[in-house]
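Here's the letter readout for the chains.
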Amino acid sequence: MKTTNVKASQLNYDKYSADKYDKDIVNSIPFHREIHDEIVKYIERLNISKNYHVLDLGVGTAITSRIIKDILPKSEFDLVDFSKQMLDGARKKMGNDNINYIMGDYSKISFDKKYDIIVSVIGIHHQNIIGKKKLFKKIFALLKPGGIFIFGDLVTYRDKNIAALNNAKHYKHLVDKSTDDKTLSEWAFHHMFLNDLSPIEDQIDWLKICGFKVYKKFLGLNTALLICKKNI
Ligand SMILES: C[S@@+](CC[C@H](N)C(=O)[O-])C[C@H]1O[C@@H](n2cnc3c(N)ncnc32)[C@H](O)[C@@H]1O
C-alpha cells in the first residue's frame, strides 16, 4: 500500500486557471456552498477581535480561508498547497497582510507553530488510509488545547450499497453541473482515478482515537463537514 497520497504532478490543479477553478469547484463538489454556510455559522461564534492562528491544508485558491478571514480579520494564516498555480490564486484572494504561503506537501512539512484553527476543505481525500490516519494525528498535535479542526471533504460509506448509490449520485451531479464535456471528463476522471475516499464512519473513529471530540455538521451524498475539537 502507498504510504501517502498522489503527487502534485498527478493532479490537474497546476493546469487550472484560478478563476475557472473557483467556478468549477463550487459546481463540481456537491454541497460546497452548504458546507461553507455551516463553517460561517461556526466561525461567527468565535471572538472577532482575537488573533487566531489558522492553518489551511490544501488551500487551493483560498475560498475557505477568505471566508474565515472576513469574519476574523485579526487572524494570522498559514496557507499550504503543493500546486503553485493554486497558491498563486490564493495570493490573489488573500494578499500579504498576516498571511504566509507555504508551497509543499502538508504530509511532509514539519510545522513549527501551534494553531487555534486548522481547516481543510476537499483537501485530504487523496490520502490513503495510512496517510489520513497519520495526518489526523499530526493535526491533533499541531492544535493548541481547545483548538478546532474544521474538516470538510469527500467521503464514502462502510455499507457498499450506500457507497455505490452516493457515488452514482455524485457522477449525476457532475453530469448535471459541468459546463462542457472537457470539464466533465476532468472531474469524472479525478473522481474515478485520483480520489481515495474513506468511509465517514472510519474517519470519525480515527479522529476520536487521536483524542478529538467530533461533531458531524453536514453529510450529503459524498460530502461531509466535521468539526473536531481538541478539548482542554
Ligand atoms: C479540491 S482542491 C480544494 C481546494 C480548497 N480547499 C477549496 O475548497 O476550494 C484540493 C487542493 O489540495 C491540494 N493538495 C492535495 N493534496 C495535497 C498535499 N498533500 N499537500 C499540499 N496540498 C495538497 C491540491 O493541490 C488542491 O489545491
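Residues numbered from 1 in each chain as written. Predicted model: local features only at pLDDT ≥ 70, side-chain atom pairs only at ≥ 80, totals over all residues. Heavy atoms only, no water.

J.: Account for the overall build of the protein, with residues named and values stated.
T.: The helix and strand tally for the protein stands at eight helices and seven strands. Compactness check: the protein gives a C-alpha radius of gyration of 17 Å against a globular reference of 17 Å for 232 residues, within 12% of the reference. Considering only C-alpha atoms, the protein reaches an extent of 45 × 40 × 35 Å along its principal axes. Partitioning the contacts of the protein with sequence separation of at least 6, the portion at a separation of at least 24 is 73%. As displayed, the protein offers around 11,000 Å² of accessible surface, 54% of which is attributable to carbon and sulfur atoms. Of note, the protein has its 37 positive side-chain charges centred 5 Å away from the centre of its 28 negative side-chain charges. (Helix = DSSP H or I, 4+ residues; strand = E, 2+ residues; numbered from the N terminus. Rg over C-alpha atoms; globule rule 2.2 N^0.38 Å. Contact = heavy atoms within 4.5 Å. Areas by Shrake-Rupley, 256 points an atom, 1.4 Å probe, with all protein chains shown as cover. Lys, Arg positive; Asp, Glu negative; His and termini not counted. Charge placed at Lys NZ, Arg CZ, Asp CG, Glu CD.)

J.: Can you lay out unusual backbone geometry for me, pointing to particular residues and giving the numbers?
T.: With phi around 70°, Phe31 is a residue other than glycine that occupies positive phi space. Its place among the elements puts Phe31 in the loop between helix H1 (18–28) and helix H2 (32–43). Unusually for a residue other than glycine, Ile122 sits at a positive phi of about 55°. Topologically, Ile122 is positioned in the loop between strand S4 (115–121) and helix H5 (129–142).

J.: Could you give me a rundown of the site of the ligand, with the residues and numbers involved?
T.: Every one of the 20 residues lining the ligand counts as a neighbour, but Tyr13, Gly58, Asp81, Asp105 and Val121 are closest to it. In the environment of the ligand, an oxygen atom lies 3.2 Å from a nitrogen or oxygen atom belonging to the side chain of His32. The backbone of Phe82 places a nitrogen or oxygen atom 3.2 Å from a nitrogen atom of the ligand. Look at the ligand: alone it shows 600 Å² of surface, and the protein chains cover 100% of it. Most atoms of the ligand, that is more than half of them, are within 2 Å of grid points of the largest cavity. Residues belonging to the shell around the ligand are distributed by class as follows: ten nonpolar, eight polar and two charged. (Near = heavy atom within 4 Å. Polar contact = N/O pair within 3.5 Å; in protein donor to acceptor, adjacent residues only side chain to side chain. 1 Å grid on protein atoms, 1.4 Å probe; cavity = no way out; pocket = protein on both sides within 12 Å on 5 of 7 lines; lining within 4 Å. Sits in = over half its atoms within 2 Å of the grid points. Nonpolar A, V, L, I, M, F, W, Y, C, P; charged D, E, K, R; others polar.)

J.: Tell me about H1, and name the residues and values.
T.: Those residues of H1 that fall on the buried side of the exposure criterion are Ala18, Tyr21, Asp24, Ile25 and Ser28. Viewed end-on, H1 has its buried residues packed into an arc of 120°, placing them on one side of the element. Exposed and facing more than 90 degrees away from the buried side of H1 are Asp19 and Lys23. (Buried < 20%, exposed > 50% of the residue type's maximum accessible area, 1.4 Å probe, protein only. Arc of directions from axis to C-beta.)

J.: Could you give an account of empty space enclosed by the protein, naming the residues involved and the relevant values?
T.: Applying the stated criterion to the full structure yields two cavities of 30 Å³ or more. Estimates place the volume of the largest cavity at around 360 Å³. Lining the largest cavity are 28 residues, and of these Gly58, Gly60, Asp81, Ile122 and Gly123 sit closest to its centre. For the lining of the largest cavity, the secondary-structure elements that each account for two or more residues are H1, H2, helix H3 (63–71), strand S2 (76–81) and S4. Of the residues forming the lining of the largest cavity, the biggest block, three residues, is contributed by S4. When the residues that make up the lining of the largest cavity are grouped by side-chain class, the tally is 13 nonpolar, twelve polar and three charged. Within this model, the second largest cavity holds a volume of roughly 70 Å³. Lining the second largest cavity, in full, are Tyr13, Ser28, Ile29, Ile122, His125, Leu154, His170, Leu174, Trp187, His190, His191 and Asn195. Elements represented by at least two residues in the lining of the second largest cavity include exactly helix H6 (160–177) and helix H7 (181–194). (Points joined across faces, edges and corners; volume = space filled by probe spheres on them.)

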